[in-house]
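Here is how the chains run, residue by residue.
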Amino acid sequence: MTLADIVAALPKAELHVHLEGTVQPATLFELAQKNGVPLPVADVDALESWYTYRDFDHFVEIFTAICRCLQTPDDFARVTAEYGQSMARQNIRYAEITWSPFTHAGADSDLAWENLLAGINAGRERARREFDVEMRWIPDIVRCYPDTADTVVDWLTSPEAQAGGVVALGLGGPEVGFPPELFAGAFRRARERGLPGNPHAGETVGPESVWGAIRALEARRLGHGVRAIEDPALVAYLAERQIPLEVNLTSNICLGVYGSYQEHPLRQLVEAGVCVTLNSDDPALFRTTLNDEYRHAVQDCGLTLGQLRQVGLNAVRASYLPEPDKTRLLEAFDTEYARIIDHSTPGGRDT
Ligand SMILES: [Zn+2]
């Protein structure tokens, strides 16, 4: 069994993936045509190469184009169901997915928040029915628009959001210049209404951003958090409290947080006892999959299969599933991991 075979066979959960970053080029092309949105390229082939990550400005350009092309509840249903299909292909049984509600249903949009949520949930229902995968939502506040934070919290703590699969409040967008402390009030209101905080921190800013997310936002779990490695006291704190990190290897390399997989601190964090999970962030834009991330973790970052097993199970432990569901999923994963990993020695290397 090759490492790729082992990884493909493992059941997986994904905790850090942006719905907008899952949209494949062919889908974007069709949505642009349907909705009359101009794209800087003429056909799908050109779109494929335009889609390949070049630098951060280019990344923002693609992300903005995706957001412009997603207009109706049906558009959201489609991309959600398509991600469900991708989950099934990779044996991802459960995902907690981020999307940016104000970007799609804010003041400048014709789409109402309720209809956005309904569209995404129609896609979830289709994914559940056709592909047997489960999803929950971590919609986020976009940091460079702090004025939208209260509206987003009101939306996410409404009865329809709670019934509609919203499990936490995210915080995304540019970390530089928009520290966690700016959002302390919004995250407190969310917590008071029962919604835990799950901000991005410690990606493009160092340990102070992770400390801020912990102290000012009382983060239950952290998007990225990898730059905690620069502060041994913080690593010890994360390990002691078992505050989970959602690590995204390929994303970190594309965005220049680390120069290579070999330089990434994944293994150090795991060996320090931090509750680390592996995720794909924006898989279509970074041309990765969760399976690729698991493979890189072993092949390029030096995790043993035993450590990979622990990281895989961490994703279930760190999820927002209710305890009985979590226990059931953990038992199922554990049984399958034992069967697959204990009985296989990876032979050959994959490209
Ligand atoms: Zn992210």
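Preceding this paragraph is the structure being described.
Calculation criteria
- Residues numbered from 1 in each chain as written.
- Predicted model: local features only at pLDDT ≥ 70, side-chain atom pairs only at ≥ 80, totals over all residues.
- Heavy atoms only, no water.
- Helix = DSSP H or I, 4+ residues; strand = E, 2+ residues; numbered from the N terminus.
- Rg over C-alpha atoms; globule rule 2.2 N^0.38 Å.
- Buried < 20%, exposed > 50% of the residue type's maximum accessible area, 1.4 Å probe, protein only.
- Contact = heavy atoms within 4.5 Å.
- Areas by Shrake-Rupley, 256 points an atom, 1.4 Å probe, with all protein chains shown as cover.
- Lys, Arg positive; Asp, Glu negative; His and termini not counted.
- Charge placed at Lys NZ, Arg CZ, Asp CG, Glu CD.
- Pairing = 2+ DSSP bridges.
- Axes fitted to C-alpha atoms, helices over the stretch in contact; angles between N-to-C directions.
- 1 Å grid on protein atoms, 1.4 Å probe; cavity = no way out; pocket = protein on both sides within 12 Å on 5 of 7 lines; lining within 4 Å.
- Points joined across faces, edges and corners; volume = space filled by probe spheres on them.
- Nonpolar A, V, L, I, M, F, W, Y, C, P; charged D, E, K, R; others polar.

Caption draft 1: A look at the overall build of the protein chain. Secondary structure summary: the protein chain contains 17 helices and nine strands in total. In terms of overall dimensions, the protein chain is globule-like: its C-alpha atoms have a radius of gyration of 19 Å, near the 20 Å expected for 351 residues. Taken over the C-alpha atoms alone, the protein chain extends approximately 55 × 45 × 40 Å along its principal axes. In the protein chain, which comprises 351 residues, the share counted as buried stands at 60%. For the protein chain, the share of sequence-separated contacts (at least 6 apart) that also reach a separation of at least 24 residues comes to 73%. Approximately 14000 Å² of the protein chain is accessible, and the part contributed by carbon and sulfur atoms is 50%. Positive and negative side-chain charges of the protein chain, numbering 31 and 50 respectively, have mean locations separated by a distance of 5 Å.

Caption draft 2: Quick look at the sheet that holds strand E3 (residues 134-137). What the three strands build is an open sheet, ordered E1-E2-E3; its pairing is parallel. Both outer strands of the open sheet, strand E1 (12-18) and E3, are each paired with one neighbouring strand and no more. Ignoring strand direction, the axes of neighbouring strands in this sheet form an average angle of 20 degrees. Bridge count between strand E2 (residues 92-98) and E3: four bridges; the pairing is parallel. Each residue of the ladder has a partner; that of Glu96, found in E3, is Arg136. Each of E1, E2 and E3 is contacted by helix H5 (residues 73-90), which is oriented at about 140 degrees to E2, the strand it contacts most.

Caption draft 3: Just the environment of His224, in detail. Here His224 is to be found in strand E7 (residues 222-224). With relative accessibility at 0%, the residue His224 sits in the buried group. For the pair His224 and Val133, spaced 91 residues apart in sequence, the C-alpha separation works out to 24 Å. Beyond its immediate sequence surroundings of up to four residues, His224 is in contact with His16, His200, Ala201, Gly202, Glu203, Leu245, Glu246, Val247, Asn248, Ser251, Asn252 and Asp281.

Caption draft 4: Spatial organisation of empty space enclosed by the protein. Under the definition given, this model contains one cavity of 30 Å³ or more. Lining the largest cavity are Leu15, His16, Thr98, Ile138, Asp140, Gly170, Leu171, Asn198, His200, Arg221 and Glu246. Looking at the lining of the largest cavity residue by residue, the class counts come to three nonpolar, five polar and three charged.

Keep in mind that these numbers describe shape and distance, not what the molecule does.
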